[in-house]
Amino acid sequence: MSKLENKVAVITGASKGIGAAIAKHYAAAGAKVIVNYASSKEGADKVIKEIINSGGIAIAVQGDVSDKADVTRLFQTAKTAFGNVDILVNNAVSQGYAPIEQISVEAFHQSFNVNVLGPILTIQEALKHFGDKGGNIINISSGASKYPLPNASLYSSTKAALDAFTIALSKELGAKNVRINSILPGATDTEGAASAGVTAGSEYEKMFVEKTPLGRRGRPEDIAKAAVFLASDDAAWITGEQISVSGGMYGF
Ligand SMILES: NC(=O)c1ccc[n+]([C@@H]2O[C@H](COP(=O)([O-])OP(=O)(O)OC[C@H]3O[C@@H](n4cnc5c(N)ncnc54)[C@H](OP(=O)(O)O)[C@@H]3O)[C@@H](O)[C@H]2O)c1
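Keep in mind it's a predicted model, so treat the numbers as computed, not measured. (Residues numbered from 1 in each chain as written. Predicted model: local features only at pLDDT ≥ 70, side-chain atom pairs only at ≥ 80, totals over all residues. Heavy atoms only, no water.)

Within the secondary structure, serine 111 is located in helix H4 (residues 105–130). Its relative accessible area of 1% is what places serine 111 among the buried residues. Excluding its chain neighbours within four sequence positions, the residues that come into contact with serine 111 are Ser94, Gln95, Gly96, Val116, Leu154 and Thr158. (Helix = DSSP H or I, 4+ residues; strand = E, 2+ residues; numbered from the N terminus. Buried < 20%, exposed > 50% of the residue type's maximum accessible area, 1.4 Å probe, protein only. Contact = heavy atoms within 4.5 Å.)

Rendered as structure tokens:
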């Protein structure tokens, strides 16, 4: 039996990058997948098409994770399509890289709304749908939560908050048979990284690769494989952890 057979998974921010890879790997492992996106319908449709062409089951649902009504609708759509939800992956992100002088009030709220309030709203909603059977939550954090970089103070703070959430909620939710863990990717080759200036051959990429014992940037599938493991029964005794998936990239 495939590792996620008969499971239903909601993955936020799955129109591209790491979220898209998690959606495809979950579908390949037997899960029915809800591909959430904010604005890239084209990207989400491409992910769905790939999953369906490979024999998997998935639907795309637009929704802003920081909007309570959108989140309620996201889970309601999942329930209508596939029955109860078993797995939630909080992956959507607002990057907000800037030096301290340039962090605006609006940028602060945007980053914390998507990266912290978003997971609060999705977890609240997921708990209603998990019901008595329990469930599984994976928060996609970042190595930046433990090793913040210059100009990433805002982004890193949101991820540190998310890690604290993961630990606190593991204690609140264990009795409900809900596991919750964070994955901390190292530098990973995605559209989002490219838009932040980390492109193949760039100075940023060289800096990250030099700090990575395994000698390259991560690929979205590297993170997706860890996300399959954490969502599966192979990880049944793991909760409240922050797991680095980074080729050994520690510290700066
Ligand atoms: N790439 C890296 O080097 C790296 C390193 C460490 C950690 N991470 C973490 O890994 C995760 C994925 O990163 P990535 O690089 O794959 O990101 P990405 O390529 O920028 O993709 C971001 C995704 O988030 C969605 N999104 C943004 N705002 C949203 C909102 N308000 N509601 C719902 N969805 C929203 C986007 O949807 P639309 O396309 O529709 O806008 C997109 O699907 C993030 O949590 C990030 O912090 C990444």
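Right, let's talk about the nonpolar core for a bit. Ranked by internal contacts, the top residues of the largest apolar core, which has 35 residues, are Ile22, Tyr26, Val33 and Ile183. Every element with two or more residues in this core is listed here: strand E1 (8–11), helix H1 (17–28), strand E2 (32–37), helix H2 (41–53), strand E4 (87–90), strand E5 (135–140) and helix H8 (220–231). If we skip the residues at most four places from it in the chain, valine 33 touches Ala9, Ile11, Ala23, Tyr26, Ala27, Ile57, Ala58, Ile59 and Phe82. (Core = buried A, V, L, I, M, F, W, Y, C linked by side-chain atoms within 4.5 Å.)

In the vicinity of the ligand lie 30 residues, with Lys16, Ser39, Ser40, Tyr155 and Thr190 positioned nearest. One of the side-chain N or O atoms of lysine 16 is found 2.6 Å from an oxygen atom in the ligand. For the ligand, whose free accessible area comes to 910 Å², the fraction covered by protein is 89%. Among the secondary structure elements, those contributing two or more residues to the shell around the ligand are H1, E2, helix H5 (153–173) and helix H6 (191–195). Of the residues that constitute the shell around the ligand, the class distribution is 12 nonpolar, 14 polar and four charged. (Near = heavy atom within 4 Å. Polar contact = N/O pair within 3.5 Å; in protein donor to acceptor, adjacent residues only side chain to side chain. Areas by Shrake-Rupley, 256 points an atom, 1.4 Å probe, with all protein chains shown as cover. Nonpolar A, V, L, I, M, F, W, Y, C, P; charged D, E, K, R; others polar.)

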